[in-house]
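Summary of the model geometry
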Amino acid sequence: MKNLAGAFALILLSTAAQAAALKTGVDGTFAPHAMPTLSGGVEGFNIDLANEIGDRTGRGIVIDATQFSGLLPGLQAGTYDFIAAPTTVTKERAENLLFTEGYLNTDYQFVILKDTPDIKALADLKDKTVAVNRGSVYESWARGLTDKIGWKIESFGTNTDAIQALIAGRAHANVAGNTVSAWAVKKNPRIKLSYLHSTGLVWAAPARKDDPEMRKLIENAIECMKLDGTMAAMHEKWFGTKPAPGSAAVTVFPGYGVPGMPGYDPTEHKPNCG
């Protein structure tokens, strides 16, 4: 009887674990990926992404909106099962986490006034002022190229302020992440997207290093979203543009993870989208 009772308890624990809602986190102030609503909730591309993952895994989802700086430590501590916030896959991070395949490219996008000639190359910005968000990776990248390009960099407290400087004529262009720039253009008819600087990097969803099954679970959902067009529809909804052919938003990659990065598993598999 004791053995039967123990076995029954294990079955109950296993069932409860399978049914438990997935826990994830986002930076709730990173528009258009996650941002506050008037009703007190959060919305955005990555909120839709997390909710889709919850639905497609049959687990449901609990989303914690907090500061990005606490997300990866929270994942490692077991507070979260995976991170839904846009997380750039780097070698350093991939050595300590298990990433899914990429679901969005993360590139640098220039924005200019609608009646301004398009930027064809970085050299077109010689002697021009470029507005950037102070403290961002875009600022450090742009300042690092000042001597080479010959542009002038002006920094602002937020990217919204940098966009306003562009509109006011205080800058010739603004540079930020491609999705943030697309969102700004979607919300403001006076500006347009221009030159795209490709980094070769992607955003993906990290899980803990000791939880490869979680990585597989999340990756399967992401791949199915690509295959049935959900990811592309979300891209158009939040960024106002269709994803480019061959981009991470529409490409199902072989294996698990990001090819060429630590933690990549080349095992072939077919997404289970039933």
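The notes below deal with the structure included here.

For the rest of this paragraph, the subject is the packing of aromatic side chains. Within this structure, the stated rule accounts for ten aromatic pairs. Their ring planes at 25° and their centres at 6.5 Å tell us that F45 and Y103 sit as a pair that is stacked. Pair noted here: F45 is in helix α2 (residues 45–57) and Y103 is in the loop between β6 (97–99) and β7 (104–105), with a separation of 58 residues, a long-range link. In this structure, F45 and Y103 share a single accessibility class: buried. For the ring pair Y108 and W141, a centre distance of 4.9 Å and an interplane angle of 70° mean the geometry is edge-to-face. Note that Y108 is positioned in strand β8 (residues 108–113) and W141 in helix α5 (residues 137–144), a separation of 33 residues in sequence. We note that Y108, like W141, is buried. An aromatic cluster of at least three residues, connected via ring pairs, comprises Y108, F110, Y138, W141, W151 and Y195. The side chain of K216 reaches across the aromatic face of Y256, ending 5.5 Å from its centre.

Bringing the side chain of R208 into the picture now. Secondary-structure assignment places R208 in strand β14 (residues 206–208). Side-chain polar atoms of R208 contact the backbone oxygen of Y80, separated by 2.6 Å. Dropping the residues within four chain positions of it, R208 is found in contact with L75, Q76, G78, Y80, D81 and L98.

Note on terminology: disulfide describes a covalent bond linking the sulfur atoms of two cysteines. Applying the stated criterion across every chain, the model contains one disulfide. Shown here is the disulfide that connects C224 with C273, its sulfur atoms set 2.0 Å apart. The disulfide joining C224 to C273 has a torsion of about -95° about its S-S bond and is therefore left-handed. Here C224, found in helix α9 (residues 212–227), pairs with C273, found in the segment after α10 (230–239); they are 49 residues apart in sequence, far enough to count as distant. By relative accessible area, C273 is classed as partly exposed at 43%.

What follows concerns α5. Side chains that are three or four residues apart share a direction in an α-helix, a result of its 3.6 residues per turn. Within α5, burial applies to Y138, E139, W141 and A142. Seen end-on, α5 carries its buried residues on one side only, within an arc spanning 165°. Residues of α5 that are buried sit in contact with β8, β9 (129–133), α6 (146–149), β10 (152–156), β11 (173–177) and β12 (191–197).

Here we come to the nonpolar core. Counting residues in each nonpolar core, the largest one holds 43 residues, and the members touching the most others are F45, I53, F82, Y103, I218 and M231. Counting residues per element, the ones that place at least two in this core are β1 (22–27), α2, α3 (71–76), β6, α8 (178–187), β13 (202–204), α9 and α10. Setting aside chain neighbours within four positions, we find F82 in contact with L22, K23, T24, G25, I53, I61, L75, A205, P206 and I218. Counting 18 residues, the second-largest nonpolar core is a separate cluster that includes I119, L122, I153 and V175.

Here we take up unusual backbone geometry. The omega torsion across A31 and P32 is 5°, close enough to zero to call that bond cis. Here P32 lies in the loop between β1 and β2 (35–36). With a phi close to 65°, D127 is a non-glycine residue in the positive phi region. Here D127 is to be found in the loop between β8 and β9. A residue is classified by how much of its surface remains accessible, and D127, at 66% relative accessible area, is exposed.

For the rest of this paragraph, the subject is the sheet that holds β11. Strand pairing in a sheet takes place through backbone hydrogen bonds and is either antiparallel or parallel in direction. The strand order across the open sheet formed by five strands is β10-β9-β11-β8-β12, and the pairing between neighbours is mixed. The open sheet terminates on both sides in strands that have one partner only, identified here as β10 and β12. Across this sheet, the average inter-strand angle for adjacent strands is 30°, counted without regard to direction. Sheet topology note: the β8/β11 ladder contains four bridges and is antiparallel. Among the inter-strand pairings, F110 is bridged to a residue of β11, identified as V175.

This brings us to the pattern of salt bridges. By the definition in use, this model includes ten salt bridges. Linking R143 and E139 is a salt bridge whose minimum nitrogen-to-oxygen distance equals 3.3 Å. Of this pair, R143 and E139 both sit in helix α5, separated by four residues, roughly a single helical turn. Here R143 falls in the partly exposed class, since its relative accessible area comes to 41%. Owing to a relative accessible area of 13%, E139 belongs among the buried residues under this scheme. The partner of K216 in a salt bridge is E213, with the nearest N and O atoms 3.7 Å apart. Here E213 and K216 lie together in helix α9, a separation of three residues that amounts to about one turn. According to the relative accessible area criterion, E213 is exposed, its value standing at 53%. Taken together, the shared-partner salt bridges in this structure form one network comprising E52, R56 and D228.

Quick notes on the rules
- Residues numbered from 1 in each chain as written.
- Predicted model: local features only at pLDDT ≥ 70, side-chain atom pairs only at ≥ 80, totals over all residues.
- Heavy atoms only, no water.
- Phe/Tyr/Trp six-rings, centres within 6.5 Å; stacked < 30°, edge-to-face > 60°.
- Helix = DSSP H or I, 4+ residues; strand = E, 2+ residues; numbered from the N terminus.
- Buried < 20%, exposed > 50% of the residue type's maximum accessible area, 1.4 Å probe, protein only.
- Lys NZ or Arg CZ within 6 Å of the ring centre and 35° of its normal.
- Polar contact = N/O pair within 3.5 Å; in protein donor to acceptor, adjacent residues only side chain to side chain.
- Contact = heavy atoms within 4.5 Å.
- Disulfide = S-S within 2.5 Å.
- Arc of directions from axis to C-beta.
- Core = buried A, V, L, I, M, F, W, Y, C linked by side-chain atoms within 4.5 Å.
- Pairing = 2+ DSSP bridges.
- Axes fitted to C-alpha atoms, helices over the stretch in contact; angles between N-to-C directions.
- Salt bridge = Lys/Arg side-chain N within 4 Å of Asp/Glu carboxyl O.

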